[in-house]
Each structure stands twice: as structure tokens, then as C-alpha cells.
Amino acid sequence: MRVVIAPDKFKGSLSAPDVAKHLATGLQAGFGKGIEATRIPVADGGEGTIDAAIGSGFTRRTTTVTGPLGEPVKADFAVRDQEAVIEMAAASGLALLPDGPTSETAKTATSIGTGELIRAALDLGCRKIILGVGGSANTDAGAGVLQGLGAVFLDKDGNDLHGGGAALATLDSIDFSNFDVRIEATEFVLASDVDNPLLGASGAPAIFGPQKGATPDDVASLDKALQHFVDVLAAATGQHAKYAAKAEGAGAAGGVGYIAIAALKAERRPGIDVVLEFTDLEQRLKGADLVITGEGSLDEQSLLGKTPMGVSRAAQRAGVPVIAVCGRSTLSREQLTDAGFHTVHALTDLEKDVQKCIAEAGPLLEQLGKHIGVYLAERTENKEYLNV
């Protein structure tokens, strides 16, 4: 019996590798000898993408970069041959704000550390870089990324600009003389499901700014500042910079999607597709009898291209039955069936107290894994395990 365990993280509780480990422990306890549990932690391009890469043969690298408020932070990225996976939240994330998001941080947080992570990957010889975005603190249209790669932002008096979106209102010119030329020979992939443009009612400041502490006045001033940045960048690099502001995905990660499209010439792809590709999931499903996937909350958002749906589609293409394990599920039986899941096991089936589920997710997952293992063992001979 070969089971592939390919979960996402249980947010606020366990990383994807830990989820897979606890499920595998339970499966083996329930099934006994004769079961092979292949663990493939996955993600949707946001938090956990580095863990997915490490679990698929990439090597973890750590470097010191500039955090969202200008402080030095240690950030991980992953490398395999000439390919790198960067999770921008590691360098420019909301979780790095010591006091959480505020109106001030919404205006001053920078993405410069993400640019410095890209440069660190280039220094290691990488020529394909996957940029996982999500959980960012900045709304600077990716201006910080350019600064991290050597561009210098100047006001009308020739002074360097401070980081953050608000400072872009006083931008006069951009000096690209020391910009990293290796960018031209590097392939970039923007792993993002966000399709918002950079500016306007559905742009980065309006839609995502409030989550980062922006007040209504901040949203208006940031949108104006980012528009000015687009104009200055277009004057320096060409009109394509203006067109890129309207592209789907330009509003991702406080506008880092914009600079990825405008300056890095990145290809935007759904995060889960990118992760499943570099984990080589479809190839590793060959010969499997069952797939187990899941995430902390299985809900309506899960159906919009999150990890469990991506794994389910891959399993269906491989002709392998798939079940889901989650902290809780709000989906109907019909929705779960339509999504391709034979069944779903939730931690709340074992423990009604959600806070206990979060605190004790590891042991509870082992219980669920053991239940599945026992069921599989009982039905191995006649293949009735399809009804797990």
C-alpha cells in the first residue's frame, strides 16, 4: 500500500511538513507493516512555499536582508541547481512588524529585502527565480525590490528616498546605473492567484491596504503616490511600465506583482500550479493507491484554486483516489464530491473545541491518520479503501 501525503500548512498551528509527519505516523500505526507513506508538503505560493521546496530536494539558504521597517532580518530561500524559490514574506512580511500593522507601517513598509533576496539568489548562480508572494507588509509597488537590486530613488534635490509607498510621492528620478544586469538573463515566475491591477478601486492600496493598517486617507494618498511612481518609471524605462500597472496580478503583494511584471518580465502563474510543478507531484503520484491532502480550514476559498484543489486535480488526472484532512470544514457533501474528494476528515470530528484543535493538532492528526490506516488495512484485499 502506497499513500502520498501532500498537505498544506494548518495556519497558526502546524507547518505542512509537520502535518505530513503526524499523518504518516498515524497511518503507519494504524496499518502496520506494508504501508509506504510518501510525504510531499505543498503550498499555494504564499507562506509555506519554502517548506514545499525543501521537501522536494531544494537546499535551504539563509541570508541577512533589510526588513519591512529597515531593520536587519534573517530570511530563508531555497536553491536547487540554478533555480531558486523566494517567499517574500520571509523578508518583507506582515509577521515581521514588531507591533503589527499600523497606519504608519502601511505608509513606510518596504519590499527592499525581497530585492536583496533576489540578489542573493543571483550570487549563487540562479537563473530561474520563483517569487512566492503573500503576507507582505508593504504597499510600495515593488519600488523596494528595485532598490534591493541596485536602483537609486531620488527626490528633486538629489536626496535618496526613504522606503515605503508614501515616500514615492516625492520621487523625481530613478538612477539605474548600478542596477543588477544579471536580471536580463534571469527567468522570473510570479506565483500568485491575485488578479488585481496596481491602482484604482480594485488596486493594491484600496483592496489590500486596509489589511496592512491603511486608513481611508492613507489608501487615497498611497494610490496617488504609486501612480506617480508608475509615471516616473515609465519616463525612465518606457511606456510598458504604464501598461504593466493595469495587468492582472500587478496589485499582488502591495504592488510587488507590478514590478515583477514591469521590470523583471515575470510570467504570472497560479501559485499551486508552480508548487506542484517544482515538487514534481504528478510524477510522484504514479503507483500510489491513495492521496491525502488538506489544510487548516476547508472552505469556499479552498475551491478557488487553493492547495487541496490543486492536489485533487492532479490525483484525478493520475487516476488515484484522494481524501482531505483539515482542521474544520464548512463545505457541503455535494461540494466535496464535486471537488473530487472521496471523503473529508476534520479535527473537529474528534475535538469540538477549535482552540484545542489548534493547540493539539499534531496528536489529533495522528489519531485521524491511525483511523485511516486501520480502515485501509481492513479493506486492502478487496480494494474497498476507495470509500475511506
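Everything in this summary refers to the structure shown in the same document. Throughout this description, residue numbers start from 1 for each chain and increase along the sequence as written. Given that this is a predicted model, residues contribute local features only at a pLDDT of at least 70 and side-chain atom pairs are listed and counted only at 80 or more, while totals for whole chains, interfaces and linings are drawn from all residues. The side-chain values count all of the structure's non-hydrogen atoms but skip hydrogen atoms and water molecules.

1. Describing the overall build of the protein
Next, step 1: Secondary structure elements are defined from DSSP: runs of H or I of at least 4 residues count as helices, runs of E of at least 2 residues count as strands, and each element is numbered from the N terminus. A count of helical and extended segments in the protein gives 16 helices and 13 strands.
Next, step 2: Taken over C-alpha atoms, the radius of gyration is set against a globule rule of 2.2 Å times the number of residues to the power 0.38. For 388 residues, the compact-globule estimate of 2.2 N^0.38 gives 21 Å, and the protein sits close to it at 22 Å.
Next, step 3: Viewed in the frame of its principal axes, the protein has a C-alpha envelope of about 80 × 40 × 35 Å.
Next, step 4: Under the scheme applied here, a residue whose accessible area is under 20% of the maximum for its type counts as buried, over 50% as exposed, and between as partly exposed, the area being computed with a 1.4 Å probe on protein chains only. Per-residue burial for the protein yields a buried fraction of 55% across its 388 residues.
Next, step 5: Per-residue and other accessible areas follow the Shrake-Rupley method at a 1.4 Å probe size, with only the shown protein chains counted as cover for residues. Accessible surface, the protein as shown: approximately 16,000 Å² in total, 49% of it carbon and sulfur.

2. Brief notes about the pairing of strand S1 (residues 2-5)
Next, step 1: What you see with S1 is no split at all: Arg-2 and Val-4 on one side and Val-3 and Ile-5 on the other are buried throughout.
Next, step 2: If DSSP finds at least two bridges between two strands, the strands pair. Pairing geometry for S1 and strand S2 (residues 36-39), over four bridges, is parallel. Residue pairing for S2: Val-4 is matched across the bridge by Thr-38.
Next, step 3: As a crossover connection, the stretch from S1 through helix H1 (residues 16-31) into S2 is right-handed.
Next, step 4: In terms of strand pairing, S1 meets strand S11 (residues 290-298) through three bridges, oriented parallel. Paired with Val-4 across the two strands is Val-291, which belongs to S11. The path from the first strand over the helix to the second decides the hand: if it runs clockwise while the strands point away from the viewer, the crossover is right-handed.

3. Notes on the environment of Leu-276
Next, step 1: Summarising the element assignment, Leu-276 is placed in helix H11 (residues 271-278).
Next, step 2: With relative accessibility at 10%, the residue Leu-276 sits in the buried group.
Next, step 3: C-alpha of Leu-276 to C-alpha of Ile-40: the two residues are 236 residues apart in sequence and 9.7 Å apart in space.

4. Here's the deal with the sheet that holds S2
Backbone-to-backbone hydrogen bonds join strands into a sheet, with any given pair of strands oriented parallel or antiparallel.
Next, step 1: Spatial strand order, S2-S1-S11-S12-S13: five strands in an open sheet with parallel pairing. The sheet is open, and its two edges are formed by S2 and strand S13 (341-346), each paired on a single side. Between one strand and the next, the sheet's axes are offset by a mean angle of 25°, whatever the strand orientation.
Next, step 2: For this analysis, residues touch if any pair of their heavy atoms sits within 4.5 Å. For every element, the axis is a line fit to its C-alpha atoms; helices are fit only across the contacting stretch, and the angle between N-to-C directions ranges from 0 to 180 degrees. Its contacts with the sheet place helix H13 (residues 307-318) against S11, strand S12 (322-329) and S13, and it is angled at close to 165° to S11.

5. Quick look at the packing of aromatic side chains
Next, step 1: Aromatic rings from Phe, Tyr and Trp, taking only the six-membered ring of Trp, are treated as a pair when their centres fall within 6.5 Å; an angle between ring planes under 30 degrees marks them as stacked, one over 60 as edge-to-face, and anything in between as tilted. Evaluation of the coordinates by the stated rule reveals four aromatic pairs.
Next, step 2: A ring pair is formed by Phe-153 and Phe-229, whose centres lie 5.8 Å apart and whose planes are at 35°; its orientation type is tilted. Taken together, the positions of Phe-153 in strand S7 (residues 152-154) and Phe-229 in helix H8 (residues 216-237) put the pair 76 residues apart, joining distant regions of the chain.
Next, step 3: A relative accessible area of 2% places Phe-153 in the buried class.
Next, step 4: Seen from their ring centres, Phe-229 and Tyr-258 are 6.2 Å apart, and the 80° between their planes marks the pair as edge-to-face. Of the two residues, Phe-229 is situated in helix H8 and Tyr-258 in helix H10 (residues 256-262); the sequence distance between them amounts to 29 residues.
Next, step 5: Assessed through its relative accessible area of 0%, Phe-229 is described here as buried.

6. Quick notes on the environment of Lys-212
Next, step 1: Mapped onto the secondary structure, Lys-212 falls in the loop between helix H7 (204-208) and H8.
Next, step 2: The buried category is assigned to Lys-212, whose relative accessible area is 5%.
Next, step 3: Leave out the neighbours within four places in its chain, and Lys-212 touches Leu-94, Pro-101, Thr-102, Thr-105, Ala-106, Ser-136, Ala-137, Asn-138, Thr-139, Ala-253 and Gly-254.

7. Here's the deal with the state of the cysteines
Next, step 1: Any two cysteine sulfur atoms within 2.5 Å of one another count as a disulfide. Using the criterion set out here, one finds zero disulfides in the structure.
Next, step 2: Considering cysteine sulfurs only, Cys-326 is the nearest to Cys-357, which forms no disulfide, with 9.9 Å between them.
Next, step 3: Taking the relative accessible area as the measure of exposure, Cys-357 reaches 5% and is therefore buried.

8. A look at empty space enclosed by the protein
Next, step 1: The distinction between a cavity and a pocket rests on a 1 Å grid over the protein atoms alone: a 1.4 Å probe fits inside a cavity but cannot get out, while a pocket stays open yet meets protein on both sides within 12 Å along at least five of seven lines, and a residue with an atom within 4 Å of a point counts as lining. Grid points are joined across faces, edges and corners, and a volume is the space filled by probe spheres set on the points. Summed over the entire model, instances satisfying the criterion amount to one cavity of 30 Å³ or more.
Next, step 2: Volume-wise, the largest cavity comes out at about 40 Å³.
Next, step 3: Every residue along the wall of the largest cavity is listed here: Asp-140, Ala-143, Gly-144, Gln-147, Phe-153, Leu-161, His-162, Gly-163, Gly-164 and Leu-168.
Next, step 4: At three residues, the largest contribution of residues to the lining of the largest cavity is made by helix H6 (residues 143-148).
Next, step 5: Ten residue types, Ala, Val, Leu, Ile, Met, Phe, Trp, Tyr, Cys and Pro, are classed as nonpolar, four, Asp, Glu, Lys and Arg, as charged, and the remainder, Gly among them, as polar. A breakdown of the residues in the lining of the largest cavity according to their chemical character gives four nonpolar, five polar and one charged.

The values reported here are purely geometric and, on their own, carry no functional implication.
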